Amino acid sequence: MRAITALFFLFCFVAPSALAQLRQGFYGRSCPNAERIVANVVANRFRRDRSITAAFLRMHFHDCFVRGCDASLLIDPRPGRPSEKSTGPNASVRGYEVIDEAKRQLEAACPRTVSCADIVTLATRDSVALAGGPRYSVPTGRRDGLRSNPGDVNLPGPTIPVSASIQLFAAQGMNTNDMVTLIGGGHSVGVAHCSLFQDRLADPAMDRSLNARLRNTCRAPNDPSVFLDQRTPFTVDNAIYGEIRSQRGILRIDQNLGLSGSTRGIVSSFASSNTLFRQRFAQAMVKMGTIRVLTGRSGEIRRNCRVFNNGR
């Protein structure tokens, strides 16, 4: 209860404009089983595929960092009308079919009530808990956006300098601690294709045994992928920060977090305390979920998460 209360007050502090209509238990009367329906759909998928946590963390981040958490990422491209899905950074985002199933069940139970933006937020929260991460409450009441334009997509790549990443997060109202928390936490259950970390393989400072193992893996055809957290790849925990501190960060951005004067202290703190990481990760996820949300009469409640209600 204390953790939930602390998160609620943090939410009040960081997002006063969204607080007016975002609240915990938003669907308590209009669709009382909404969160349970989403949780069951996610749990069913997690039992078959534990990597779904990484997929939802990526989806949630990629949605919220482009025009806010409005499910604009979910819109399918059409002939002559590309969408955010059409862009390179979003080509590897997956898990849409799980959102579709949750939406199908919610529409059957409570037609035109629960937004796709809230489904993504809830599904991500539930998948984190299933992967051993913190359990936290999220406010709901988001509405779905009416625009999905590939020109709006400006997401950080794997070699982005720490200073540029700090600026990008600051533009979304997120501070440096949030950035280190979300990048490391998201990558704690993620994978990367070999083509994304060739620069690290050429880095003499990289741990030699890890470098040799990665080089061997990357000799295989079809651009193989590797776990970014070599110790606990299916658990949302602080292990990746210890890896970074030991020059075992696989992506350039991960390793740079451990080298930059602006962030290495945060990395060290998380590496030393999973309790601290869990607390900060929950707070940062709640905070990210309030980025430029649509509420009230803004936007719409999509009937199909892949298509605007007017069919355009």
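Calculation criteria
Residues numbered from 1 in each chain as written. Predicted model: local features only at pLDDT ≥ 70, side-chain atom pairs only at ≥ 80, totals over all residues. Heavy atoms only, no water. UniProt positions renumbered as here; feature names shortened; annotations may be inferred. Helix = DSSP H or I, 4+ residues; strand = E, 2+ residues; numbered from the N terminus. Rg over C-alpha atoms; globule rule 2.2 N^0.38 Å. Buried < 20%, exposed > 50% of the residue type's maximum accessible area, 1.4 Å probe, protein only. Contact = heavy atoms within 4.5 Å. Areas by Shrake-Rupley, 256 points an atom, 1.4 Å probe, with all protein chains shown as cover. Lys, Arg positive; Asp, Glu negative; His and termini not counted. Charge placed at Lys NZ, Arg CZ, Asp CG, Glu CD. Axes fitted to C-alpha atoms, helices over the stretch in contact; angles between N-to-C directions. Parallel < 35°, antiparallel > 145°, perpendicular 65-115°, else oblique. Left-handed = near helix turned anticlockwise from the far one by under 90°. 1 Å grid on protein atoms, 1.4 Å probe; cavity = no way out; pocket = protein on both sides within 12 Å on 5 of 7 lines; lining within 4 Å. Points joined across faces, edges and corners; volume = space filled by probe spheres on them. Nonpolar A, V, L, I, M, F, W, Y, C, P; charged D, E, K, R; others polar. Polar contact = N/O pair within 3.5 Å; in protein donor to acceptor, adjacent residues only side chain to side chain.

As annotated in an unreviewed UniProt entry, the protein carries the name peroxidase and comes from Arabidopsis thaliana x Arabidopsis arenosa. Checking UniProt for the protein, the heading Function (unreviewed entry) contains the comment "Removal of H(2)O(2), oxidation of toxic reductants, biosynthesis and degradation of lignin, suberization, auxin catabolism, response to environmental stresses such as wounding, pathogen attack and oxidative stress. These functions might be dependent on each isozyme/isoform in each plant tissue." In the Sequence similarities (unreviewed entry) part of its UniProt record, the protein is described as follows: "Belongs to the peroxidase family."

(A) Quick peek at the overall build of the protein. Within the protein, the regular secondary structure consists of 14 helices and two strands. In terms of C-alpha radius of gyration, the protein reaches 19 Å, essentially the compact-globule figure of 20 Å for 312 residues. Projected onto its principal axes, the C-alpha positions of the protein cover 55 × 50 × 35 Å. Every one of the 312 residues in the protein was classed for burial, and the buried ones make up 54%. Within the protein, residue pairs in contact and separated by at least 24 positions form 76% of the contacts whose partners lie at least 6 positions apart. Entry remark: accessible area of the protein is about 13,700 Å², with carbon and sulfur atoms responsible for 50%. Positive and negative side-chain charges of the protein, numbering 41 and 24 respectively, have mean locations separated by a distance of 3 Å.

(B) Highlighting the packing of helix H8 (residues 176-187) against helix H13 (residues 264-272). One can describe the packing of H8 onto H13 by two numbers: an axis separation of 10 Å at closest approach and a directional angle of 50 degrees. When the interaxial angle is binned, H8 and H13 end up oblique. As for how H8 packs across H13, the hand of that crossing is right-handed. On the side of H8, the interface is formed by Thr176, Asn177, Val180 and Thr181, while H13 contributes Ile266, Val267 and Phe270.

(C) Spatial organisation of empty space enclosed by the protein. All told, the structure shown has one cavity of 30 Å³ or more when counted by the stated rule. Quantified by volume, the largest cavity comes out at close to 30 Å³. Those elements that place two or more of their residues in the lining of the largest cavity are helix H6 (116-130) and helix H14 (274-288). Partitioned by chemical class, the residues of the lining of the largest cavity number four nonpolar, two polar and one charged.

(D) Broad picture of the layout of surface pockets. In this structure, the largest pocket occupies an estimated 1,000 Å³ of space. Lining of the largest pocket is provided by 41 residues; of these, Arg58, His62, Ser92, His187 and Val191 occupy positions nearest its centre. Put simply, the parts of the chain that give the lining of the largest pocket at least two residues each are helix H4 (52-64), helix H7 (162-170), H8, strand S1 (191-193), strand S2 (225-227) and H14. Broken down by element, the residue count for the lining of the largest pocket peaks at six residues, all from H4. Residues belonging to the lining of the largest pocket are distributed by class as follows: 27 nonpolar, twelve polar and two charged.

(E) Here's a closer look at the UniProt feature "active site" (unreviewed entry) in the protein. The positions UniProt marks with the feature "active site" (unreviewed entry) are His62. Relative to the helices and strands, His62 is located in helix H4. Setting aside chain neighbours within four positions, we find His62 in contact with Leu73, Pro89, Asn90, Val93 and Leu155.

(F) Examining the packing of helix H3 (residues 34-48) against H6 more closely. Across the interface, H3 lies against H6 with an axial gap of 9 Å and an inter-helix angle of 50 degrees. Comparing the axis directions of H3 and H6 gives the class oblique. Relative to H6, H3 is oriented so that their crossing is right-handed. Here Glu35, Val38, Ala39, Val42, Ala43 and Phe46 of H3 come into contact with H6, specifically with Ile119, Leu122, Ala123, Arg125, Asp126, Ser127 and Leu130. Tallied by class, the residues present in the contact of H3 with H6 amount to nine nonpolar, one polar and three charged.

(G) Looking closely at the environment of Lys287. Mapped onto the secondary structure, Lys287 falls in helix H14. On the basis of relative accessibility, which here comes to 12%, the residue Lys287 falls in the buried class. Separated by 112 residues in the primary sequence, Lys287 and Asn175 have C-alpha atoms spaced 10 Å apart. Side-chain polar atoms of Lys287 contact the side chain of Asp178, separated by 2.7 Å.

(H) Fine view of the environment of Val267. Along the chain, the position of Val267 falls in helix H13. Taking the C-alpha atoms as reference points, Val267 and Asn216, separated by 51 residues in sequence, lie 28 Å from one another. Here Val267 is in contact with Val180, Tyr241, Ile244, Leu257 and Gly258, once residues within four sequence places are set aside.

(I) Just unusual backbone geometry, in detail. Backbone geometry places Arg112, a non-glycine residue, at a positive phi of 55 degrees. Considering the arrangement of structural elements, one finds Arg112 in the loop between helix H5 (96-109) and H6. Classification of Arg112 as exposed rests on a relative accessible area of 55%. A positive phi is found at Asp223, a non-glycine position, where the angle reads about 50 degrees. Along the chain, Asp223 turns up in the loop between helix H10 (208-218) and S2. In this structure Asp223 comes out as partly exposed when scored by relative accessible area, which is 30%.

(J) Quick look at the side chain of Lys103. Positionally, Lys103 belongs in helix H5. Residue Lys103 is classed as buried on the basis of its relative accessible area of 3%. Apart from the residues within four sequence positions on either side, Lys103 is in contact with Val114, Cys116, Ile119, Ile301, Arg302, Arg303 and Cys305.

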